[in-house]
Amino acid sequence: MTRLETELHRRSQAHRAANRSTRENWHSFTRHRNRVMELLGDESRRQGKVAILGAGNCNDLDLVQLASECGEIHLFDLDREAMEDALLRQGVSERPNIRLRDDLDLSGLSDSEPGKVGKPAPDFDLVVSTCVVSQLLETVSRVLPPGLHRDRIMLQVRDAHVRLVTGLMAEGGTGIVVTDMAEADSDLDSSAPPEPASATELARKGSYFLGLDPKGIQQALGAVRNLQQSEPWIWQLDPIRRYLVQAVRFTKSAGG
Ligand SMILES: C[S@@+](CC[C@H](N)C(=O)[O-])C[C@H]1O[C@@H](n2cnc3c(N)ncnc32)[C@H](O)[C@@H]1O
């Protein structure tokens, strides 16, 4: 194993440990989950084929609702155990239309591009990336030493993930990229939506996590249609950690 492979293996173990530590946080995720489910919308998922990237513990998803409304749901994450446990906790282990996929590196950097033999086909009606970009960028920041080189690679990983999202989508399909873009100030009330001004203020102060500002995600998307940016909201991950979250939603253009 090269040093990089060893580090990446360590990071995947760290993701599994992080998932174990937040597994029981269904309750603190409630507002975040409601916002994610609202974004998924009714029309795009009805009877469609849906991909969730970074499903993990699925505390941000109502799987009972999705399993009744969608044709097929593919949950992607390196942590199969977290997803299996989520299906048990939400009582949907027997649903034939939920598939667990731990065969795709969500960094988009491996040779697992959509369309390759044995890899997911680009035919999803809805692809949702749920707070996974921050995890991919954190991996880079832990594996590489600080500096401009590292910053550039972080942006390349973000762009590769965004290409993976659009690459999985069918023409005319819907994509949603949800990002935990900054730490939420402890004085923001998580039971109420944060003022959009707080996101504007973040942009002014430049205090987004590197690569996670919605404008950067939008640039990475390139030619898509119906691009919409949601209002920001607060994700209460656990009693202490809380993040300001925002989503971009878009439609894949023909040939995009
Ligand atoms: C912040 S969690 C998403 C929250 C999750 N949906 C929940 O409700 O608990 C990000 C997920 O991305 C997964 N992940 C991180 N890097 C990955 C990679 N390169 N490939 C696949 N999954 C990855 C982690 O295992 C983790 O479950």
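Peer 1: Explain helix H2 (residues 30–40) residue by residue, including any values.
Peer 2: Considered for burial, the residues of H2 that qualify are His32, Arg35, Val36 and Leu40. Along the axis of H2, the buried positions cluster into a sector of 145°, meaning they face one direction only. Looking at the buried residues of H2, the elements they touch are strand S4 (124–130), strand S5 (169–183), strand S7 (233–236) and strand S8 (242–252).

Peer 1: Explain the pairing of strand S2 (residues 72–76) to me, using residue names and the numbers behind them.
Peer 2: For S2, a buried count of 4 out of 5 residues is recorded, marking the element as mostly surrounded by other parts of the structure. One ladder, built from 5 bridges, connects strand S1 (residues 49–53) with S2; its direction is parallel. Bridge assignment links alanine 51 to a residue of S2, and that residue is histidine 74. In terms of handedness, the path from S1 via helix H3 (residues 63–69) over to S2 forms a crossover that is right-handed.

Peer 1: Could you give me a rundown of the confidence of the model for the protein chain, with the residues and numbers involved?
Peer 2: Overall, the prediction assigns the protein chain a mean pLDDT of 86, with 85% of residues at 70 or greater. Model confidence for the protein chain, summarised as mean pLDDT per element, is weakest for helix H7 (residues 196–205) at 59 and strongest for helix H4 (residues 80–89) at 98.

Peer 1: Which residues make up the site of the ligand, and what are the values?
Peer 2: Within the structure, the ligand sits among 22 residues, and His15, Gly54, Gly56, Asn57 and Leu106 are positioned closest to it. At 3 residues, the largest contribution of residues to the shell around the ligand is made by helix H1 (residues 3–22). In terms of residue class, the shell around the ligand is made up of 8 nonpolar, 10 polar and 4 charged.

Peer 1: How would you explain unusual backbone geometry if you had to name every residue and give the values?
Peer 2: For cysteine 58, which is not a glycine, the phi torsion comes out positive at approximately 60°. Topologically, cysteine 58 is positioned in the loop between S1 and H3. Residue cysteine 58 is classed as buried on the basis of its 26 C-beta neighbours within 10 Å. Despite not being glycine, asparagine 226 shows a phi value in the positive range, around 50°. Looking at the secondary structure, you find asparagine 226 in strand S6 (residues 224–229). Of the residues examined, asparagine 226 has 10 C-beta atoms within 10 Å and is grouped as exposed.

What counts as what
Residues numbered from 1 in each chain as written. Predicted model: local features only at pLDDT ≥ 70, side-chain atom pairs only at ≥ 80, totals over all residues. Buried ≥ 20, exposed ≤ 12 C-beta atoms within 10 Å, placed from the backbone. Helix = DSSP H or I, 4+ residues; strand = E, 2+ residues; numbered from the N terminus. Arc of directions from axis to C-beta. Contact = placed C-beta atoms within 7 Å. Pairing = 2+ DSSP bridges. Right-handed = clockwise from strand over helix to strand, strands pointing away. pLDDT = per-residue confidence, 0-100. Near = placed C-beta within 6 Å. Nonpolar A, V, L, I, M, F, W, Y, C, P; charged D, E, K, R; others polar.

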